[in-house]
Amino acid sequence: MHSLDPFIFSSSVKSFWRTRERQADMQRQRGQTDQGSRSAVTGGRQMDGFSETISRLLMDAKIDENDIFQRVSVELPGYFRPTKEWDIVVVVDGNLIAAVELKSQVGPSFGNNFNNRTEEALGTAMDIWTAYREGAFCTSPAPWLGYLLLLEDCPESRRPVAVREPHFPVFPEFRHASYSKRYELFCRKLVRERQYNSACFIIADRKRADSAQNYKEPAKDLSATQFISQLLGHVKGTSGIK
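Residues numbered from 1 in each chain as written. Predicted model: local features only at pLDDT ≥ 70, side-chain atom pairs only at ≥ 80, totals over all residues. Heavy atoms only, no water.

A. Region of interest: the overall build of the protein chain. Counting its secondary structure elements, the protein chain contains six helices and seven strands. Along the chain direction, N to C, the helices and strands of the protein chain fall in the order α-α-β-β-β-β-β-α-β-α-α-β-α. Burial statistics for the protein chain: of 242 residues in total, 45% are counted as buried. For the protein chain, the computed accessible surface area is about 13,000 Å², with 49% contributed by carbon and sulfur atoms. Side chains of the protein chain give 33 positive and 30 negative charges; the mean places of these two sets differ by 5 Å. (Helix = DSSP H or I, 4+ residues; strand = E, 2+ residues; numbered from the N terminus. Buried < 20%, exposed > 50% of the residue type's maximum accessible area, 1.4 Å probe, protein only. Areas by Shrake-Rupley, 256 points an atom, 1.4 Å probe, with all protein chains shown as cover. Lys, Arg positive; Asp, Glu negative; His and termini not counted. Charge placed at Lys NZ, Arg CZ, Asp CG, Glu CD.)

What follows is the structure in structure tokens.
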């Protein structure tokens, strides 16, 4: 396997910010500006650049383009719900090989959205692993699940956050932790608890969108290159590609 560019998602991050700006401008022109920054969220498609980059890397690793699904045919069976749409699904010869979830979080509402993101990711993992246990994917081997999160790098996301402990103490790592640190802890725990096979956590400042190095990786174990390397290694090994 060729070495990966350490800023492999640079163009994806640039696309993310440009898409948000374009959607916000379109809504303002229509006179439909949502409250706060929600106008840049309700249009969707912000993470398409990441989906396209990952799909290209899969094809570079000799995964057939017809076996990689994004935008359409990305529904997978659940156990607690009929289906769940993933951002990228890899199905080879009728076997579910991999599924990737792509998420983002931009201010100012870091608090409420942090809880929503954690509950969503945990529920998704529990749902698909239970469905797998119950034979939803026929004879497929255990799939590789990936979780990628982009967080806006700004003073609000880096500021320490107080916690309330009216009855019992929180785990010490959460005390005075910023939302950036909370997300880092969350992504790491997703992997250590085997909810996902790998997680990628990056932070990006919108003011540096056009820079070649337009994002940071707070933790080596949650880096983009490690995430992609593990995905490609699993897909190639499971698919029998040499």
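Read on for the rest.
B. Representation of the pattern of salt bridges in the model. The tally for this structure, following the rule as stated, stands at 20 salt bridges. Between R158 and D153 there is a salt bridge, with its nearest N and O atoms 2.5 Å apart. Here K216 makes a salt bridge to D153, at a shortest N to O gap of 4.0 Å. On the criterion of sequence distance, the pair formed by K216 in the loop between β7 (198–204) and α6 (224–239) and D153 in the loop between β6 (144–152) and α4 (155–158) is long-range, its members being 63 residues apart. On the basis of relative accessible area, K216 is assigned to the exposed category, the value being 51%. The network of salt bridges with common partners includes K84, E101, K103, R117 and E120. (Salt bridge = Lys/Arg side-chain N within 4 Å of Asp/Glu carboxyl O.)

C. View of empty space enclosed by the protein. The tally for this structure, following the rule as stated, stands at one cavity of 30 Å³ or more. In this structure, the largest cavity encloses a volume near 30 Å³. Forming the walls of the largest cavity are L76, P77, G78, R81, K84, W86, T124, D127 and I128. For the lining of the largest cavity, the elements supplying multiple residues, two or more each, are β2 (75–77) and α3 (110–133). Looking at the lining of the largest cavity, its residues break down into four nonpolar, two polar and three charged. (1 Å grid on protein atoms, 1.4 Å probe; cavity = no way out; pocket = protein on both sides within 12 Å on 5 of 7 lines; lining within 4 Å. Points joined across faces, edges and corners; volume = space filled by probe spheres on them. Nonpolar A, V, L, I, M, F, W, Y, C, P; charged D, E, K, R; others polar.)

So, to be careful, I would describe these as geometric facts and stop short of saying anything about function.
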